[in-house]
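Coordinate analysis (summary)
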Amino acid sequence: MSDVALHRSDEIRAPALPVGSIGNQASGYFGVWWVIITEASLFIYLIFGYAYCAMQFPGKWPPSGPPELTLALPDTLILILSSVAVALGEHAIKQGKRARLTLGLVVGFVLGIVFVAIQLKEWASRGTTLASNLYYSFYFTTTGFHMAHVVVGILILGALTIWSALGKFDSVRNSPVSIGALYWHFVDAVWIVLFTTYYIVPRLK
Amino acid sequence: MSAPLNYLTSHGARADMILPLTRGVLIISIIVILIVCGLLAAAIFRRRPVEAPGADPRGLLFRPRGGLTFVYVGVGISTLVLVATTIRTMKTLADVVSPPREAKLTIEVTGHQWWWEARYFSEKPAEIFTTANEIHIPAGEPVRFKLIGGDVIHSFWVPALAGKTDTIPGQTNITWLQAERPGVYRGQCTEYCGKQHANMAFFVVADEPARFEEWRQKQIAPAAPSADVAQGLSAFQTRCGACHTVRGTPAGGKVGPDLTHVMSRGTIAAGTLPNTPGHLTGWIANPQGVKPGNHMPQIDMSGADLNAIRTFLQTLG
Amino acid sequence: MARHTQLTQTTAIVTANAELAERLHKVWETEPGIKGFLGTVDHKEIGIRYIVTSFIFLLIGGVEALILRVQLAQPDLHVLSPEQYNQLFTMHGVSMIFLYAMPVLTGFSNYLWPLLLGARDTALPRVNALSYWLYLFSGLFIYASFSMGHAPNDGWFNYVPYANRQYNPGPNIDFYSLGMIFLGISTTVSSANFVVTAMRTRAAGMSINRIPILVWGTLTSSVANLLVIPAVSLAFFLLYLDRNYGTKFFQPQSGGQPLLWQHLFWIFAHPWVYAIVLPAMGMVSDGLPIFCRRPLVGYTLVALSTMATMAIGFGVWTHHMFATGMSDLALSFFSGVSIIIAVPSAVAVFAWIATIWTGRPVFTAAFHFFAGMIALFVIGGVSGFMTGSVPVDWQLTDTYFVVAHLHYVLIGINVFPVVGAIYMWFPKVTGKFLDERLGKLNFWLMFVGFNLAFFPMHISGLLGMPRRIYTYPHDVGWSAWNLITSIGAFLFAIGVLLLFHNIAVSLRRGKHAGANPWDGGTLEWAIPSPPPPYNFVVLPTVAGRHPLWEDRLDDAPGRSRLDTGLALDKGRQMLGTSVVDAEPAVILQMPFDSYAPFTLAVGTTIIFVGMLYRSWPGMAAGAIITGIALLLWLWPGRLREGSPEAANEPPFAEPDHV
């Protein structure tokens, strides 16, 4: 039985409860976890489709061999660094260091843009499109979905940077930072899985 | 048969194996419905102890007890029945997937919008032939079917003989049929495939082995049109040859059914019309009226041409 | 820390009083005029909108069905062309399964959850508002296809290759593909709101073993939706790409796999059919006890069976694909699981019967519907059990036997409970009773009509009648059964219309109902009918499952407190509690009415219209509007340096977060 059941009205003292988005109490923080769960499912189904078609494909898979690592591997490291920067910024604001938060967010933002730029270059360098064959249909759709999530994440980091600069966050009220950082780390984690699936696994045969 | 597509009777080895299970689960289901609805009615209408005088008949029950026993017993019995059904299902499945002995004949069936192509294999290449919509098999032995997807997904179903298997583009499914005795068994497409899904039937005709062989030899032979249907043949080549094949003539189209021995079939248009001169004429003149949306175009032709083509077709026995 | 105390609020426990009620009323009521209409975040208004909109789609879907039944009443009729028939049967399925069945339950959950949970709203009210607008706009989007004569025509299940551009060149399937992705966003955000609400905003003391079964039902469905909606959205998106941008996902000639569509679709659609019945079963589990004058038998078993049904339901999807040429191992596994899934359903059925048996039934109209659905559940359940056995399914599948099964489960376990719920909760929502005599007539017309229409389908199915055929010949033995079915369908329709008649009449002249007309035990019966905008004047503390029955049941030492509690009157405030034990954890600052959800929905609509016409400027414009709406929505408020009293200035006191 709950200790909270207050039986008599003369027990007037209620605990002092925090108000609003202190720490990770915000409803939005709970909400974004479920967004992550549903989006993670999306990528799982994309990988399922890729594997399903790969197993039944009458021919070599990937048809042109595994994709090159030259641009993709450094790009992966850049995305990881971006997450690190954002994580450092989030850690800083928990201690009230606003300037460091803004710096971490800006670095994360810029590295995110670099990631997208390099990936677009990598796409162009292939000379193929998603209509070229079944493999490229999956490759471009999957990495494209991921890139869309990165773009959304970049916009989020941009908004957080501006809000941080405007002094919206302090050591106690910073849940948008936690929420945005969580989303960004999720996007990074998804990339590591996709990178492994598309670039590493074909090389393991 | 008043309901040719029913599956509560069976005429083939495979359907024979399934039927007891079908009847079994049907009977279990009916019994469950009777028992549970009976319990429900009893629960609703049973007499309850008389209330103390002055008690509010709609009053809340004071400390109600019991009820969980219902749940445990009901769920317990249900679980036993369900597990038993699962075990029986696995056994039937194991029995049904492969024929009792090796099939000697293999027929490749391709589903098209909205007709059935059947290609009979043979070790002798010259004896391989294609027909459509009426599939003859020798009675009393298993026949292997390779199911090929032609355009969209269709499903190959002859309820009197077996359950259904889909024809799926990009893969080949295998099934087998065995008719116990000679007869005509209706089949129908059972996967929604577009406008004329409703009119995509076919017939499996089981013959005594000797009669089947006779039929097969006739189907292998190409057509030999005589001179008096030369005009009809010529009209046919012009109007119909782009889509239809008649072996032994230049007409070699692959879009529609092979018509080399069309008059040997009991129906036309995938089981939609009986194969009589009147219906045949009507079909050729107005395919869009009979099966709106099907791929046989409405062709404007003179009555003379129409008759000539029909006369030619009537020689293709 | 010193800064903390400025960010907390110490609130006395107060007794409910009229002055507090008046103050809360002003703070919580929806703004008048266009701002309130477009911007309301009140769960009650959103709930009503969902229910009304879903019933409009029910009626449209019903008319579509009646036209189909006219065409099928006799063999070889020409009331409809094949293409017309195909569009109608497709839209009938889409309307019922997507635009009625889930939204109506979302509507009931929206309206009832905060009342059942002792809260003033759901956890994310603007997300809630957004989900409604997205639903409305996506429904209109799909129906716009009719205006072009190009409604979806490949069935609700939309198999490829028939859905590919090559066989279906018009925009029909593009409307459906994009419309479904669009609708999926609505369902996703609404599900997220329900899950966070269930986790966070229950009354103090409402531990997880005290929450109503409706909450368990919707919670289970919401978690499931979040996991499986991406599968179908992805399938439709891949199809959209195939049809418009030349990808090869479902192109067999390029190695594409038609069965990939079926897997992705059914991985979603099977859990979906449980999602559209479990909340309704929850309403029966919560409503039946009131009319049996005792709590539900086996609460814990029923709650667990709700979750078990869904969990097992994730593992049965290929039973829709038994005829596709699967491996024997896969056939065996999925067949076994599909048969065993009947066990948790049996728990619910026997719990309900036990509740009636050991209770004292009160024969209200609602009771008729709740009891009647049990019979329909059993019939639908056993026909499902039959199709679970693979060799039998190879005969039954794609025949009218399955049509019978699906209508018994969907109408029996969704529609009948929903109508019962309307009879039960109408007094709470409107303060008036529905006419009880009309209600009983309503039940019998629907019950008899339904069985007359759908029971013969078992027979026409066993006689081999395939699904999705626009006509049939006269010599296959189906004619008589089809005629009976068509007659029954019209009788059933009259029964449904009687419900609307009853609602119309009762809204005008219904008998007055007080706060607790049925003597129910849960929290919604403790507040006035209709409820005030703030729901509870003071937030209740709960000590059991039936706070209003505690004194009389007297089976536990604790007592809930309803007339004294936290006021939380500094602006719009709600209590956030811990997940399992519901101990108070935080005071949540809730949003005021806002244009952002509506604007975001408009922006999303423009994106999808742009995608339909392959217009990059259109998509970009929609994206920009959506982005701006989202930015303004999420804009953080001022850091509150001063006292919490500064928050008491509607509408300027913006919440800290969503």
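Residues numbered from 1 in each chain as written. Chains lettered and ligands numbered in written order. Predicted model: local features only at pLDDT ≥ 70, side-chain atom pairs only at ≥ 80, totals over all residues.

**Some thoughts on the overall build of chain B**
A count of helices and strands for chain B gives seven helices and 12 strands. Rg of the C-alpha trace for chain B: 28 Å, well past the compact-globule value of 20 Å for 317 residues, more than 25% over. Classification of the 317 residues of chain B by burial places 44% in the buried group. (Helix = DSSP H or I, 4+ residues; strand = E, 2+ residues; numbered from the N terminus. Rg over C-alpha atoms; globule rule 2.2 N^0.38 Å. Buried ≥ 20, exposed ≤ 12 C-beta atoms within 10 Å, placed from the backbone.)

**Section: the overall build of chain A**
When its secondary structure is counted, chain A shows five helices and one strand. Taken from N to C terminus, the helices and strands of chain A fall in the order β-α-α-α-α-α. The C-alpha radius of gyration computed for chain A amounts to 22 Å, which surpasses the reference 17 Å derived for 205 residues by more than 25%, pointing to a less compact arrangement than a globule. Evaluated residue by residue, chain A yields a buried proportion of 43% over its 205 residues. Long-range contacts, defined as pairs at least 24 residues apart, comprise 80% of the intrachain contacts of chain A with a sequence gap of at least 6. (Contact = placed C-beta atoms within 7 Å.)

**As for the interface of chain B and chain C**
Note: interface size is frequently given as the accessible area lost on complex formation between the parts. Taken together, the contact between chain B and chain C spans 74 residues of the former and 81 residues of the latter. Where the side of chain B that touches chain C is concerned, the elements lending two or more residues are α1 (13–45), α2 (68–96) and β7 (165–167) of chain B. Per-element tally for the side of chain B that touches chain C: the top contributor is α2 of chain B, with 15 residues. Of the residues assigned to the side of chain B that touches chain C, the class counts are 39 nonpolar, 27 polar and eight charged. (Nonpolar A, V, L, I, M, F, W, Y, C, P; charged D, E, K, R; others polar.)

**Some thoughts on the arrangement of the chains**
Take the two pairs of chains in contact: the one carrying the most contacts is chains B and C. Chain B makes no contact with chain A, the minimum C-alpha separation between the two being 10 Å.

**What about the interface of chain C and chain A?**
Taken together, the contacts link 64 residues of chain C with 52 residues of chain A. Residue classes in the side of chain C that touches chain A are distributed as 34 nonpolar, 22 polar and eight charged.

**Description of the sheet that holds strand β8 (residues 172–177) of chain B**
Residues and elements named next belong to chain B. Within the open sheet, the five strands sit side by side as β3-β2-β1-β5-β8. Their pairing is mixed. On the outer flanks of this sheet lie β3 (129–132) and β8, each paired with one strand and no other. Each strand of the sheet is rotated relative to its neighbour by a mean of 25°, with strand direction disregarded. Bridge count for strand β1 (residues 105–112) against strand β2 (residues 115–120) is six bridges, and the pairing is antiparallel. (Pairing = 2+ DSSP bridges. Axes fitted to C-alpha atoms, helices over the stretch in contact; angles between N-to-C directions.)

**Overview of the domain arrangement of chain B**
All names here are of chain B. Segmentation of chain B into domains returns domain 1 (105–208) and domain 2 (227–313). If you look at the interface, domain 1 gives 17 residues, while domain 2 gives 15 residues. Counting only elements with at least two residues in the side of domain 1 that touches domain 2, the list comes to β2, β3 and β10 (201–207). Each residue belonging to the side of domain 1 that touches domain 2 can be placed in one class, and the counts come to eight nonpolar, six polar and three charged. (Domains from an automatic or database assignment.)

**What to know about the nonpolar core**
Ranked by internal contacts, the top residues of the largest apolar core, which has 367 residues, are Leu 264, Ala 351 and Ile 353 of chain C. Three or more residues apiece are contributed to this core by two domains, here domain 1 (105–208) and domain 2 (227–313) of chain B. With near-sequence residues (within four places) excluded, Ala 351 of chain C lies in contact with Val 71 of chain B together with Leu 296, Val 297, Gly 298, Leu 301 and Val 302 of chain C. (Core = buried A, V, L, I, M, F, W, Y, C linked by C-beta atoms within 7 Å.)

**Describing the pairing of β10 of chain B**
All names here are of chain B. Taken across its seven residues, β10 has six buried, putting it largely inside the fold. Where strand β4 (residues 134–138) lies against β10, five bridges are found, and the strand directions are parallel. Of the residues in β10, the one forming a bridge with Ile 135 is Val 204. Here strand β9 (residues 183–188) runs beside β10; their pairing, made up of six bridges, is antiparallel. Bridged to Gln 188 within β10 is Ala 201.

**Quick word on the packing of helix α10 (residues 278–287) of chain C against helix α16 (residues 400–430) of chain C**
Residue and element names in this part refer to chain C. Where α10 meets α16, the axes come as close as 8 Å, and the angle between the chain directions of the two elements is 45°. As judged from the angle between their axes, α10 and α16 are oblique. Here α10 runs over α16; the crossing is left-handed. Residues Ala 280, Met 281, Met 283, Val 284 and Gly 287 of α10 form the contact with α16, whose own contacting residues are Ile 413, Asn 414, Pro 417, Val 418, Gly 420, Ala 421 and Met 424. Residue composition of the contact of α10 with α16, grouped by class: nine nonpolar, three polar and no charged. (Parallel < 35°, antiparallel > 145°, perpendicular 65-115°, else oblique. Left-handed = near helix turned anticlockwise from the far one by under 90°.)

**Overview of the sheet that holds β10 of chain B**
All names here are of chain B. Sheet architecture is open: three strands sit in the order β4-β10-β9, paired in mixed fashion. This sheet does not close on itself; its edge strands, each paired only once, are β4 and β9. Geometrically, the sheet is characterised by an average inter-axis angle of 25° between neighbouring strands, direction not taken into account. Packing against the sheet, helix α3 (residues 209–220) makes contact with β4 and β10, and its axis sits at approximately 135° to β4.

**Section: unusual backbone geometry**
Cis geometry marks the peptide bond from Trp 61 of chain A to Pro 62 of chain A, where omega comes out at -5°. Take Pro 62 of chain A: it is sitting in the loop between α1 (27–56) and α2 (72–94). Here the bond from Val 160 of chain C into Pro 161 of chain C is cis, since omega is 0°, no more than 30 degrees from zero. Turning to its location among the elements, Pro 161 of chain C is positioned in the loop between α6 (125–147) and α7 (172–200). Although it is not a glycine, Asp 519 of chain C adopts a positive phi angle of roughly 60°. Classification of Asp 519 of chain C as partly exposed rests on a count of 17 C-beta atoms within 10 Å.

**Thoughts on the confidence of the model for chain B**
In low-pLDDT regions, the fine details of the predicted coordinates are not to be read closely. On average, chain B scores 94 in pLDDT, and the residues at 70 or more come to 98%. Overall fold confidence for the complex sits at a pTM of 0.95, while the interface term, ipTM, reaches 0.96. (pLDDT = per-residue confidence, 0-100.)

**Remarks on the confidence of the model for chain A**
Residues of chain A with pLDDT of at least 70 account for 92%, and the chain-wide mean is 91. At the level of individual helices and strands, chain A shows its lowest average pLDDT in strand β1 (residues 17–18) of chain A, which scores 82, and its highest in helix α4 (residues 134–165) of chain A, which scores 97.

**Considering α1 of chain B**
Taking 1.5 Å per residue, 33 residues should reach 48 Å; α1 of chain B reaches 49 Å between its end C-alpha atoms and fits that length. At Leu 19 of chain B, α1 of chain B shows its largest bend, some 30°, and a proline, Pro 20 of chain B, comes one to four positions later. At its buried positions, α1 of chain B is contacted by α2 and β8 of chain B together with α13 (342–358), α14 (365–388) and α15 (390–396) of chain C. (Expected span 1.5 Å × (residues − 1). Bend = angle between axes of the 7 residues up to and from the residue.)

**Comments concerning the environment of Asn 225 of chain C**
Residue and element names in this part refer to chain C. Within the secondary structure, Asn 225 is located in helix α8 (residues 213–245). Judged by local crowding, Asn 225 falls into the buried class, with 24 C-beta atoms found within 10 Å. Note: C-alpha distance between Asn 225 and Trp 481 (256 residues apart in sequence) is 37 Å. With residues near it in sequence (within four places) discarded, Asn 225 still touches Thr 187, Thr 188, Ser 191 and Ala 275.

**Some thoughts on the packing of helix α4 (residues 43–72) of chain C against α6 of chain C**
Residues and elements named next belong to chain C. Two elements in contact, α4 and α6, have axes separated by 10 Å at closest approach and are oriented at 15°. In terms of orientation, α4 lies roughly parallel with respect to α6. Judged by the twist between their axes, the crossing of α4 over α6 is left-handed. Contacts between α4 and α6 involve His 43, Ile 46, Arg 49, Tyr 50, Thr 53 and Phe 57 from the former and Pro 125, Asn 128, Ala 129, Tyr 132, Leu 136 and Gly 139 from the latter. Of the residues that constitute the contact of α4 with α6, the class distribution is seven nonpolar, four polar and one charged.

**A short note on the environment of Phe 194 of chain C**
All names here are of chain C. In this structure, Phe 194 sits in helix α7. Here Phe 194 falls in the buried class, since 28 other C-beta atoms lie within 10 Å of it. Sequence spacing of Phe 194 and Leu 124 is 70 residues, and the spatial spacing of their C-alpha atoms is 8.5 Å. Ignoring anything within four residues of it in the chain, the contact list for Phe 194 reads Ser 109, Thr 218, Leu 219 and Ser 222.

**Let's talk about the environment of Trp 216 of chain C**
Residues and elements named next belong to chain C. Along the polypeptide, Trp 216 turns up in helix α8. Given 25 C-beta atoms within a 10 Å radius, Trp 216 is considered buried. Distance in space between the C-alpha atoms of Trp 216 and Ala 354 is 20 Å, their sequence separation being 138 residues. Once residues lying within four places of it in the same chain are set aside, the contact partners of Trp 216 are Ile 211, Gly 282, Ala 303 and Thr 306.

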